[in-house]
Amino acid sequence: MALIITDECINCDVCEAECPNGAISMGEEIYVIDPLRCTECVGHFDEPQCRQVCPVDCIPRDPSWIETPQQLMDKYRRLQGETAEPEDPTVRQAHARG
Ligand code: SF4
Ligand code: SF4
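These notes cover the structure that comes with them. (Residues numbered from 1 in each chain as written. Chains lettered and ligands numbered in written order. Predicted model: local features only at pLDDT ≥ 70, side-chain atom pairs only at ≥ 80, totals over all residues. Heavy atoms only, no water.)

**Topic: the overall build of the protein chain**
Reasoning step 1: Broken down by element type, the protein chain carries 4 helices and 2 strands.
Reasoning step 2: Starting at the N terminus and walking to the C terminus, you meet the elements of the protein chain as α-β-β-α-α-α.
Reasoning step 3: A separation threshold of at least 6 residues defines the contact pool for the protein chain, and within that pool the share at least 24 residues apart is 64%.
Reasoning step 4: Total accessible area on the protein chain is roughly 6,500 Å²; 51% of this is exposed by carbon and sulfur atoms. (Helix = DSSP H or I, 4+ residues; strand = E, 2+ residues; numbered from the N terminus. Contact = heavy atoms within 4.5 Å. Areas by Shrake-Rupley, 256 points an atom, 1.4 Å probe, with all protein chains shown as cover.)

**Things to note about the site of ligand 2**
Reasoning step 1: The local shell around ligand 2 holds 13 residues, among which Cys-9, Ile-10, Cys-12, Cys-15 and Cys-54 are the closest.
Reasoning step 2: Within the shell around ligand 2, the residues separate by chemical class into 11 nonpolar, 1 polar and 1 charged. (Near = heavy atom within 4 Å. Nonpolar A, V, L, I, M, F, W, Y, C, P; charged D, E, K, R; others polar.)

**Some words on the nonpolar core**
Reasoning step 1: Of all hydrophobic cores here, the largest spans 15 residues; its most connected members are Ile-5, Ile-24, Ile-33 and Ile-59.
Reasoning step 2: Each residue touching Ile-5, except ones within four places of it in the same chain, is listed here: Ile-24, Ile-30, Tyr-31, Val-32, Ile-33, Cys-58 and Ile-59. (Core = buried A, V, L, I, M, F, W, Y, C linked by side-chain atoms within 4.5 Å. Buried < 20%, exposed > 50% of the residue type's maximum accessible area, 1.4 Å probe, protein only.)

**Here's the deal with the environment of Arg-51**
Reasoning step 1: Mapped onto the secondary structure, Arg-51 falls in helix α2 (residues 49–53).
Reasoning step 2: By relative accessible area, Arg-51 is classed as partly exposed at 32%.
Reasoning step 3: Look past the residues within four positions of Arg-51 in its chain and what remains in contact with it is Leu-3, Ile-59, Pro-60 and Arg-61.

The values are spatial; any link to function lies outside them.
Structure (structure tokens):
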């Protein structure tokens, strides 16, 4: 389940920098979460980091975006694949052959 920012958001900016997946950005009026990038912090942290820092507690789970823990982990792995090219084993092998 992704998280969602409600209209109680006061645009304090704190959560954006805390998201390990780059899922939070400024929307038209308030900050928004991209549900395709929010893993509930699965793969990075035990707790959703944005919820930890939000001063007005306005980031509930989005009941319209239900995902299992496995789906969240799959999303995490997909996102890691976008950014972790040096971890590609063929690259490591090339370095090892060096
Ligand atoms: Fe980002 Fe984690 Fe918050 Fe989702 S729960 S928006 S991944 S900080
Ligand atoms: Fe809005 Fe909370 Fe994020 Fe601040 S931390 S921008 S109040 S959602």
